[in-house]
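Understanding the architecture of this molecule
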Amino acid sequence: MAVQTVLGIDIGGSGIKGALVDVTTGDLAGPREVIPTPSQPTSLNMARALATLTQKVASGFTGSVGIAFPGVVKGDAVMTAANLAPDLVGVTARELLSEVPLDPTAPAPVLVNDADAAGMAEVRFGAAKSYHGLVLVVTLGTGIGTALIHHGVLVPNSELGHLKVARPGPAQTEEPEWIEAEHLAAGRVRREESLNWDVWGSRLNTVLAEYEALLAPVVFILGGAVSQNLDLYEAELSIHTPVVAAAMGNDAGIVGAALMASEAPS
Ligand code: BGC
């Protein structure tokens with residue numbers, strides 16, 4: 001089968017990563033670079049940042065491009081940007097690439113949710129490859145992202161990081177405090193509140209228990225930097241569904257964005 005190379009870009013709250021990807025294997029097909037997300041992430045500043053990144057990793061490349069974005073993506077446009085900048089709502093893939101000289105005859109660039117991209121990479125090439133049925137990929141970074149994938153088919157924008165869960169209180173009799181899952185147990189919350197792994201792990205258990213009750217997935221795949229420390233909080237996870245660390249590491253968003261671009265209907 002011919003190698004198909006696609007440029008994958010993963011926009012995050014603090015950095016923007018990119019690399020050319022061989023979408024037949026999920027391997028990177030060139031250097032991978034990260035540049036800081038602009039402190040004022042207006043669409044023009046983002047377009048300039050993407051041009052800088054593209055110049056570093058894919059100078060002269062004119063093929064397909066996939067962009068992963070940390071918010072709801074509908075059709076070609078960003079619908080929410082909870083952890084980035086409200087100004088970016090409405091921005092399209094073409095606008096994000098407006099400073100990059102692309103071949104006008106190349107397929108239209110594709111914009112996808114970041115967790116959906118990471119999830120598709122894990123299902124196709126990573127930790128979820130051998131699971132059949134409903135897989136829930138949960139990315140634990142600045143926010144909580146989720147990818148709901150059934151037999152390899154993605155239901156996009158599941159956004160379960162915004163589901164309200166009952167914060168475990170000291171006394172069972174007290175009215176529960178309802179809090180968005182990502183405000184309770186994102187990777188950022190652990191750092192910002194300096195939580196021990198066991199305290200944070202038990203918060204994560206509260207979130208996963210809610211997802212388990214609602215969706216009954218066959219497996220949870222955890223992504224984000226904290227997934228590499230699963231052994232430090234695994235004991236706090238009392239849910240019944242297996243929990244597995246992501247295998248694609250920091251490349252999942254790049255690879256998934258490229259993959260989804262290569263498979264998007266034209
Ligand atoms: C956003 C999601 C995103 C997740 C991880 C959430 O706040 O609403 O779209 O996938 O953060 O970046």
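Residues numbered from 1 in each chain as written. Predicted model: local features only at pLDDT ≥ 70, side-chain atom pairs only at ≥ 80, totals over all residues. Heavy atoms only, no water.

**Considering the sheet that holds strand 10 (residues 144-150)**
In space, the 5 strands of this open sheet follow the order 11-10-9-14-15, with mixed pairing throughout. Across the chains shown, the open sheet's two edge strands, defined by having one partner strand only, are strand 11 (153-155) and strand 15 (243-245). Pairwise comparison of adjacent strand axes, ignoring direction, gives a mean angle of 30° for this sheet. Summarising the sheet, strand 9 (residues 134-140) and strand 14 (residues 219-223) pair through 5 bridges and their orientation is parallel. Within strand 14, the position partnered with Leu-136 by the bridge is Phe-220. Each of strand 9, strand 10, strand 11 and strand 14 touches helix 3 (residues 114-125); the most contacted strand, strand 10, lies at about 45° to it. (Pairing = 2+ DSSP bridges. Helix = DSSP H or I, 4+ residues; strand = E, 2+ residues; numbered from the N terminus. Axes fitted to C-alpha atoms, helices over the stretch in contact; angles between N-to-C directions. Contact = heavy atoms within 4.5 Å.)

**Remarks on the domain arrangement of the protein chain**
Along its sequence, the protein chain is organised into domain 1 (5-117 + 251-262) and domain 2 (130-247). A separation of 26 Å is found between the C-alpha centroids of domain 1 and domain 2. If you look at the interface, domain 1 gives 9 residues, while domain 2 gives 14 residues. Taken together, both faces of the contact between domain 1 and domain 2 bury some 820 Å²; the carbon and sulfur share is 47%. Among the residues of domain 1 in contact with domain 2, Asn-83, Ala-115 and Asp-116 are the three that bury the most area, contributing 60% of the side total. Inspection of the domain 1/domain 2 interface yields 0 salt bridges. Where domain 1 touches domain 2, the interface holds 4 residue pairs in polar contact (both at pLDDT 80 or more). (Domains from an automatic or database assignment. Buried area = accessible area lost by both parts, 1.4 Å probe. Salt bridge = Lys/Arg side-chain N within 4 Å of Asp/Glu carboxyl O. Polar contact = N/O pair within 3.5 Å; in protein donor to acceptor, adjacent residues only side chain to side chain.)

**Remarks on the nonpolar core**
Judged by nonpolar contacts, the single largest core of 31 residues is most densely connected at Val-112, Val-135 and Ile-221. Going through the elements one at a time, strand 2 (15-22), strand 8 (110-113), helix 3, strand 9, strand 10, strand 14 and helix 8 (252-263) are the ones with two or more residues in this core. Formed jointly, this core draws a minimum of three residues from each of two domains, domain 1 (5-117 + 251-262) and domain 2 (130-247). Filtering out sequence-adjacent residues up to four positions away, Val-112 remains in contact with Ile-67, Ala-68, Phe-69, Val-73, Ala-117, Ala-257 and Met-260. (Core = buried A, V, L, I, M, F, W, Y, C linked by side-chain atoms within 4.5 Å. Buried < 20%, exposed > 50% of the residue type's maximum accessible area, 1.4 Å probe, protein only.)

**What to know about helix 8**
Compared with the 16 Å implied by 1.5 Å per residue over 12 residues, the 16 Å span of helix 8 between its first and last C-alpha is a close match. With respect to burial, helix 8 is a largely interior element, 10 of its 12 residues being buried. Looking only at helix 8, the buried set comprises Ala-252, Gly-253, Ile-254, Val-255, Gly-256, Ala-257, Ala-258, Leu-259, Met-260 and Ala-261. (Expected span 1.5 Å × (residues − 1).)

**Describing the site of the ligand**
Every residue near the ligand is listed here: Pro-70, Gly-71, Val-72, Asn-83, Asn-113, Asp-114, Ala-115, Ile-144, Gly-145, Glu-159, His-162 and Glu-182. Residue Glu-159 places a side-chain N or O atom 2.4 Å away from an oxygen atom belonging to the ligand. Take Glu-182: an N or O atom from its side chain is 2.8 Å from an oxygen atom of the ligand. In the complex, the protein chains occlude 94% of the 310 Å² of accessible area that the ligand would expose alone. Those elements that place two or more of their residues in the shell around the ligand are helix 3 and strand 10. Per-class residue counts for the shell around the ligand are 4 nonpolar, 5 polar and 3 charged. When residues of the shell around the ligand are assigned to domains, at least three map to each of domain 1 (5-117 + 251-262) and domain 2 (130-247). (Near = heavy atom within 4 Å. Areas by Shrake-Rupley, 256 points an atom, 1.4 Å probe, with all protein chains shown as cover. Nonpolar A, V, L, I, M, F, W, Y, C, P; charged D, E, K, R; others polar.)

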